[in-house]
Amino acid sequence: MIYSYRHVFKGFAARLSADEAKAMENKERFISARPERELSLHTTHSPNFLGLNQNTGFWQESNYGKGVIIGVLDTGVFPSHPSFSDEGMPPPPAKWKGKCEFNLTACNNKIIGARYFNSFDDSPLDDNGHGTHTASTAAGNFVKGANVDILAAMDTAVDDGVDILSLSLGGSSFNFYNDFIALGAFSAMEKGILVSCSAGNSGPFNFSLSNEAPWMLTVGASTIDRKIRATAVLGNNESFDGESTFQPTDFPQTLLPLVYAGMLNTSDSTIRRAVKDAVARHDHCKPCINDGNLTLSDSHVLPATHVGYADGIKIKTYINSTSNPVATILFKGTIIGDDRAPVVAAFSSRGPNWASRGILKPDILGPGVNILAAWPVSVENNTNTNSTFNIISGTSMSCPHLSGVAALLKSAHPDWSPAAIKSAIMTAADVVNLARNPIEDERYLPANVFATGSGHVNPSKANDPGLVYDILPTDYTPYLCGLNYTNRQVGSFLQRRVNCSEESSILEGQLNYPSFAVTFGRFQPITQTYNRTVTNVGQPISSYVVEIVPPPGIDVIVEPSKLDFVEVNQKLQYQVTFSRPNSTTNIGYVQGHIRWNSSKHSVRSPIAVILQMM
């Protein structure tokens with residue numbers, strides 16, 4: 001036996017052959033056995049982009065998340081990095097029960113514990129870099145200038161007393177009862193812990209999400225307004241802005257011969273030697289239509305720039321247009337102020353939600369492209385400093401940003417449930433970019449709701465959302481029964497015997513979620529009604545009037561159209577009816593939203609509608 005679970009699951013992990021696992025089924029009180037899954041990692045200026053500044057505003061008002069414990073489940077951590085300095089940090093909260101399993105005394109008042117759950121490793125020291133990067137993003141300190149058993153790790157984190165769990169990993173799931181992260185996150189949620197998870201890096205394709213359960217915060221990735229500019233200048237005077245972390249100061253502006261590797265005669269040994277390191281190992285920088293206009297600021301070993309797909313095609317066209325194509329690269333350093341930001345990253349996984357079509361996912365977008373954070377080694381081979389950083393991209397990077405925001409909200413509102421914190425983040429999200437235009441996708445077209453979810457996180461607005469959609473742990477029982485899971489499958493979440501025929505059962509869309517996902521097809525009624533309950537966390541005496549932007553071709557009625565509150569924490573219910581007129585023949589996806597507006601607050605819930613053949 002490897003591990004005996006105590007909190008997130010009733011059971012144990014063991015190394016068994018297929019025959020031994022089969023034989024276990026004949027044991028009394030056997031429930032189920034699941035094979036271990038290999039999960040993928042979903043791999044600064046971003047706080048400022050989020051409106052978080054060191055000595056002012058929400059970051060200061062929330063006391064920088066003081067007393068809130070974030071548990072990061074990842075590849076480990078490099079504790080000597082300055083991002084994990086405990087200068088000015090108070091001792092750990094009294095509730096903390098964790099351990100420090102480093103060989104050396106590496107924990108402090110910032111890294112208050114570290115454990116490992118990898119049978120092939122004997123230390124929580126990060127030898128990959130991913131965990132150090134995500135941990136410093138979620139809860140790193142200010143720096144000037146600057147295959148594990150997941151279920152066992154979650155179980156231990158709950159026991160240790162964390163407030164937030166941050167998981168930048170996952171895999172596709174077709175149901176929740178076979179998803180270890182969903183199972184562990186459910187038990188964590190029952191204990192008041194918010195679980196923040198990356199949406200996955202399988203975009204821009206639909207149905208590509210990971211971590212879709214409604215009791216988790218599912219985070220997509222977007223750009224920030226910083227570019228590390230490297231501009232390609234062609235012999236015809238055309239120029240194309242790209243990015244590169246490698247910014248040499250002595251690169252000549254002389255035009256040099258330009259070649260497209262795909263056109264070279266690779267049978268020529270001289271050419272093979274010349275392009276091996278420069279091209280073959282950087283094939284991800286070749287134009288890729290699915291990447292659209294996404295540019296990544298990689299730490300290239302040679303002077304290089306990564307341009308978007310459309311610009312790459314133009315460069316290739318230039319090469320084909322002349323017998324002597326030439327170019328150079330102008331390295332312009334860091335440039336702040338891209339008003340197109342945030343743009344949904346091409347790799348950010350998209351909905352609809354395969355495992356639960358009636359729940360809209362992802363929930364939220366956060367910074368996940370070209371994110372600067374701590375790294376265990378110097379990417380420049382500088383051995384004279386431990387202040388080492390790297391720029392990488394992925395929903396692995398956006399997830400810890402939201403974990404950090406959730407920690408600030410937990411500190412500011414310690415009585416809020418995980419669902420209330422999620423709701424505040426979602427209903428207060430931004431749906432426009434810095435230029436005040438709708439958030440775009442990698443093609444620079446308005447992004448759809450299956451890419452953005454509720455929108456881009458706005459921490460300050462989330463701190464004062466006005467209304468929240470709360471969900472109690474017991475509310476998920478009728479939801480799970482409504483998914484037509486067996487009693488045993490539902491029982492694996494609740495860790496008790498369940499008889500769904502004796503429990504209430506609801507449609508997915510009846511869960512008190514801060515967004516709506518509706519399907520009209522051959523097997524769904526043309527009129528569907530869902531209830532929602534909102535809790536007043538704003539001004540005691542306040543009135544909210546509904547604003548409806550219906551999805552094209554869909555009728556939306558909200559009753560009542562006005563909500564009048566007389567005290568804080570008062571709950572009021574409303575009803576939304578969606579109708580598909582017989583004249584609606586289009587197939588695909590349409591979107592809209594409802595918004596409850598008061599004199600001070602605006603509480604927005606997106607609507608996604610899937611239209612199928614009738």
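Reading the values: the criteria
- Residues numbered from 1 in each chain as written.
- Predicted model: local features only at pLDDT ≥ 70, side-chain atom pairs only at ≥ 80, totals over all residues.
- Heavy atoms only, no water.
- UniProt positions renumbered as here; feature names shortened; annotations may be inferred.
- pLDDT = per-residue confidence, 0-100.
- Contact = heavy atoms within 4.5 Å.
- Core = buried A, V, L, I, M, F, W, Y, C linked by side-chain atoms within 4.5 Å.
- Buried < 20%, exposed > 50% of the residue type's maximum accessible area, 1.4 Å probe, protein only.
- Helix = DSSP H or I, 4+ residues; strand = E, 2+ residues; numbered from the N terminus.
- Phe/Tyr/Trp six-rings, centres within 6.5 Å; stacked < 30°, edge-to-face > 60°.
- Lys NZ or Arg CZ within 6 Å of the ring centre and 35° of its normal.
- Patch = residues over 30% accessible without salt bridge, like charges linked within 9 Å, V, L, I, M, F, W, Y side chains within 5 Å.
- Areas by Shrake-Rupley, 256 points an atom, 1.4 Å probe, with all protein chains shown as cover.
- Salt bridge = Lys/Arg side-chain N within 4 Å of Asp/Glu carboxyl O.
- Pairing = 2+ DSSP bridges.
- Axes fitted to C-alpha atoms, helices over the stretch in contact; angles between N-to-C directions.
- Polar contact = N/O pair within 3.5 Å; in protein donor to acceptor, adjacent residues only side chain to side chain.
- Parallel < 35°, antiparallel > 145°, perpendicular 65-115°, else oblique.
- Nonpolar A, V, L, I, M, F, W, Y, C, P; charged D, E, K, R; others polar.

The name an unreviewed UniProt entry gives the protein is Cucumisin, with Rehmannia glutinosa as the organism. The Subcellular location (unreviewed entry) field of the UniProt record for the protein holds the comment "Secreted". In its Sequence similarities (unreviewed entry) section, the UniProt record describing the protein reads: "Belongs to the peptidase S8 family."

**Q** Got a minute to help me understand the confidence of the model for the protein in this structure?
**A** Of the residues in the protein, 82% have a pLDDT of 70 or more, and the chain-wide mean is 84. A low-confidence stretch, residues 140–148 (pLDDT under 50), is modelled with 27 contacts involving residues beyond four sequence positions or located in other chains. Note on residues 271–287: pLDDT is under 50 here. Beyond four places in sequence and across chains, it has 18 contacts.

**Q** Explain the nonpolar core here, please?
**A** Soluble globular proteins: nonpolar side chains tend toward being buried together. One finds L165, L167, F176, W215, Y479, L480 and F493 to be the most contacted residues of the largest nonpolar core, which totals 46 residues. Here this core takes seven residues from helix 6 (residues 180–190), the largest share from any one element. Excluding residues within four positions of it along the chain, L480 makes contact with F186, W215, Y485, V490 and F493.

**Q** For this particular structure, what's the right way to read the packing of aromatic side chains?
**A** Each pair of aromatic rings is reported with the distance of its centres and the angle of its planes. What the rule picks out here adds up to 16 aromatic pairs. Relative to Y476, the ring of W215 lies with its centre 5.5 Å away and its plane at 85°, an arrangement referred to as edge-to-face. With W215 in the loop between strand 7 (194–198) and strand 8 (217–222) and Y476 in helix 13 (residues 476–482), this residue pair connects regions lying 261 residues apart in the sequence. Y476 matches W215 in its accessibility class, with the two residues each being buried. An aromatic cluster is present here, built from F176, F186, W215, Y476, Y479 and F493 joined pairwise through their rings. Directly above the ring of Y444 sits R340, whose terminal nitrogen or CZ lies 3.7 Å from the centroid. We note R357 situated over the ring of W354; from NZ or CZ to the ring centre the distance is 6.0 Å.

**Q** Is there a simple way to think about a nonpolar patch on the surface in this case?
**A** A surface patch of nonpolar side chains, amounting to about 440 Å² of accessible area, comprises F174, F207, W354 and Y589. Inspection of the secondary structure assignment puts Y589 in strand 23 (residues 588–597). Here Y589 falls in the partly exposed class, since its relative accessible area comes to 37%.

**Q** Is there a simple way to think about the sheet that holds strand 8 in this case?
**A** Within a sheet, adjacent strands bond to each other through the backbone by hydrogen bonds, running parallel or antiparallel. If you walk across this open sheet you meet the five strands as 4-5-7-8-13, and the pairing is parallel. Two strands lie at the open edges of the sheet, namely strand 4 (70–73) and strand 13 (364–367), each paired on one side alone. Taken over all neighbouring pairs, the strand axes of this sheet differ in orientation by 30° on average, direction set aside. In the sheet, strand 4 pairs with strand 5 (residues 164–167) via four bridges, with the strands oriented parallel. Looking at strand 5, one finds that L73 is bridged to L167. Sitting on the sheet, helix 10 (residues 418–427) is in contact with strand 7, strand 8 and strand 13, with an inclination near 50° to strand 7.

**Q** Help me understand the pairing of strand 22 (residues 571–579) in this model?
**A** Regular strands place their side chains on alternate faces of the sheet. Direction of pairing for strand 18 (residues 527–536) relative to strand 22: antiparallel, over a ladder of nine bridges. From the neighbouring strand, V534 faces strand 22, where its bridge partner is L572. In the sheet, strand 20 (residues 555–559) pairs with strand 22 via five bridges, with the strands oriented antiparallel. Along strand 22, the bridge assignment pairs V556 with F578.

**Q** Can you walk me through unusual backbone geometry in this structure?
**A** The bulk of non-glycine residues show a negative phi, and the bulk of peptide bonds are trans. P342 follows A341 through a cis peptide bond whose omega is 0°. Here P342 is to be found in the loop between strand 12 (326–336) and strand 13. A cis amide bond links K361 to the next residue, P362, at an omega of 0°. For P362, the position within the fold is in the loop between strand 12 and strand 13. Unusually for a residue other than glycine, Y444 sits at a positive phi of about 65°. Here Y444 is to be found in the loop between helix 10 and helix 11 (449–452).

**Q** Is there a simple way to think about the environment of S492 in this case?
**A** Within the secondary structure, S492 sits in helix 14 (residues 487–494). Between the C-alpha atom of S492 and that of N178, which follows or precedes it by 314 residues, the distance is 9.5 Å. At a separation of 2.5 Å, a polar atom in the side chain of S492 contacts the main-chain carbonyl oxygen of Q489.

**Q** What's the story with the packing of helix 6 against helix 14 in this structure? I'm lost.
**A** Angle between the axes and distance between the axes are the two parameters that describe a pair of packed helices. Interhelical geometry of helix 6 versus helix 14 gives an angle of 50° and a closest axis separation of 8 Å. Judged by the inter-axis angle, helix 6 sits oblique to helix 14. Contacts from A182, L183, F186, S187 and E190 of helix 6 reach helix 14 at S492, F493 and L494. Tallied by class, residues from the contact of helix 6 with helix 14 come to five nonpolar, two polar and one charged.

**Q** Sorry, what's going on with the sheet that holds strand 22 here?
**A** Strand order in this open sheet of four strands is 16-18-22-20, and the pairing throughout is antiparallel. Among the strands making up the open sheet, the edge pair consists of strand 16 (467–468) and strand 20. When strand 16 meets strand 18, the two strands line up antiparallel, connected through two bridges. The residue bridging L467 from the neighbouring strand is N536, located in strand 18.

**Q** Mind showing me how you'd approach the pattern of salt bridges here?
**A** Where side chains of opposite charge bring their charged atoms close, a pairing between them can arise. Using the criterion set out here, one finds 15 salt bridges in the structure. Residue K562 pairs with D564 through a salt bridge whose shortest N-O separation is 3.8 Å. You can call K562 partly exposed: its relative accessible area is 44%. Residues joined by salt bridges that share partners form a network here, namely K227, E243 and D338.

**Q** Please explain helix 10 as it appears in this structure.
**A** The periodicity of an α-helix, 3.6 residues per turn, causes residues three or four positions apart to be oriented the same way. In terms of burial, helix 10 is a largely internal element, 10 of the 10 residues being buried. Among the residues of helix 10, those classed as buried are P418, A419, A420, I421, K422, S423, A424, I425, M426 and T427.

**Q** Would you explain the environment of A182 in this entry?
**A** Looking at where A182 falls in the secondary structure, it is placed in helix 6. Relative accessible area serves as the criterion here: at 0%, A182 is assigned to the buried category. When the C-alpha positions of A182 and L151 are compared, they lie 9.7 Å apart, and in sequence the two are 31 residues distant. Aside from chain neighbours lying at most four places away, what touches A182 is F176, A213, W215, M216 and F493.

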